[in-house]
Amino acid sequence: MTTFNQELIQQILADNVPDSLHTLKDFLRWTYSTFNRSDLYYGHGYDNAWDETQQLVLTALQLPPDLPTELYDSRLTQSEKASLLELILARIEQRIPVAYLTNRAWFCGLEFYVDERVIVPRSPIGALIEDRFAGLLTKAPQRILDMCTGSGCIAIACATQFPNAEVDAIDLSTDALDVAEINIMHHNLSDRVFPIQSDLFNNLPQDKYDLIVTNPPYVDKEDLDDMPEEYHHEPEMALGSGIDGLEITKRILKAAPDYLADDGVLVCEVGNSMIHLIEQFPNTPFQWLELKNGGLGVFALTKKQLVELNRS
């Protein structure tokens, strides 16, 4: 914890907050101000203090994000105020992402359970899912593979958008798959989304998927070392992927064509490591996708393009 945040914590404790604040509106305003006075980093689903404030306070009180404003003047109980203060102090003192404090995150408009066994859902692939991969698929996919599924958010969002599809959700981590199973059950998709433990394609029977979508670990060593404190609460195996961030991506590129239907497509996120990918594969026609909600580093390749890549 930085000296700056240490001083802020001391001031919060001296202010006797539970006795000074009374209503939901009081806590929203005070939390927002407190977050603005801290040196927190926002990168886990939200990019500003106000959105994080709403997520923390409303979710912790079991209230919906669209709570009617008339209820903002409701007074909180002492136990509610004490619970909120504990969470707010943990956010500032330990730099724990809000999603882990509340065990809730949102992706593609869907709510997911999360804890420190998985990274917090935030992939820009969500925008492609909401648009049903417009311009990339020739037909609605019947078989989808979500590689490196983590919390299962991409697999579940795909199943929601394509109600006739079956989705295999793959991860090496059994801990992550336990979290994915919680979310699959929560969304009543156990008949269409199937968690499978595998080191990428190694334990999978060969199948022909219409769509393989993946948000693999892709952070290079330099970026991993420089990441803000919040990211160190996430499992490192879900973030880092060697010096260039591409160890796992290159394995996926090599094996994916064997698991794609003839008109199948691979959609893969590599973030900032797109620079390394372009340098290492200068002749590959990566289709870098425009993402309506922002973000970069997501590409698409057809099966034919992947076959040609592996021949070169």
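Before reading on, note that the structure itself is shown above.
Small disclaimer: the values here were computed from a predicted structure and weren't measured.

Student: Teacher, can you tell me more about the state of the cysteines here?
Tutor: Linking two cysteines covalently through their sulfur atoms gives a disulfide. This structure, assessed with the given rule, holds 0 disulfides. With no disulfide partner, Cys-158 has as its closest neighbouring cysteine sulfur the one in Cys-108, 7.8 Å distant. For Cys-158, a relative accessible area of 0% corresponds to the buried category.

Student: Would you mind going over helix α3 (residues 24-37) with me for this structure?
Tutor: Spacing of three or four residues puts side chains on the same side of an α-helix, whose turn is 3.6 residues. With 14 residues, α3 extends 20 Å from end C-alpha to end C-alpha; this agrees with the ideal 20 Å at 1.5 Å per step. Looking at α3, one finds that the buried residues are Leu-24, Phe-27, Leu-28, Trp-30, Thr-31, Thr-34 and Phe-35.

Student: What's the story with the pattern of salt bridges in this structure? I'm lost.
Tutor: Pairs can form between side chains of opposite charge once their charged atoms are near each other. Tallying each qualifying case throughout the model produces 16 salt bridges. The partner of Arg-143 in a salt bridge is Glu-166, and the shortest N-O contact between them spans 3.9 Å. Here Glu-166 lies in strand β4 (residues 166-171) and Arg-143 lies in strand β3 (residues 143-147), a separation of 23 residues in the sequence. The buried category is assigned to Arg-143, whose relative accessible area is 19%. Taking the relative accessible area as the measure of exposure, Glu-166 reaches 35% and is therefore partly exposed. Note that Asp-199 and Arg-251 form a salt bridge whose closest N and O atoms lie 3.2 Å from each other. With Asp-199 in the loop between β5 (193-197) and β6 (209-214) and Arg-251 in helix α11 (residues 247-255), this pair connects stretches of sequence that are 52 residues apart.

Student: I keep staring at unusual backbone geometry and nothing clicks. Help me out?
Tutor: With the exception of glycine, the majority of residues adopt a negative phi angle, and the majority of peptide bonds are in the trans configuration. Even without being a glycine, Cys-108 presents a positive backbone phi close to 55°. Within the fold, Cys-108 resides in the loop between β1 (105-107) and β2 (110-112). For Phe-133, which is not a glycine, the phi torsion comes out positive at approximately 50°. What makes Phe-133 buried here is its relative accessible area of 1%.

Student: Explain the pairing of β6 to me, please; I cannot follow it from the model alone.
Tutor: As a general feature of sheets, a regular strand has side chains that alternate between the two faces. By the criterion of burial, β6 is predominantly enclosed, with 6 of the 6 residues buried. As defined by bridge partners, β3 adjoins β6 across 4 bridges and the pair is classed as parallel. What sits directly across from Asp-146, in β6, is Val-213. With 5 bridges connecting them, β6 and strand β7 (residues 260-269) associate as parallel partners.

What counts, and at which threshold
- Residues numbered from 1 in each chain as written.
- Predicted model: local features only at pLDDT ≥ 70, side-chain atom pairs only at ≥ 80, totals over all residues.
- Heavy atoms only, no water.
- Disulfide = S-S within 2.5 Å.
- Buried < 20%, exposed > 50% of the residue type's maximum accessible area, 1.4 Å probe, protein only.
- Helix = DSSP H or I, 4+ residues; strand = E, 2+ residues; numbered from the N terminus.
- Expected span 1.5 Å × (residues − 1).
- Salt bridge = Lys/Arg side-chain N within 4 Å of Asp/Glu carboxyl O.
- Pairing = 2+ DSSP bridges.

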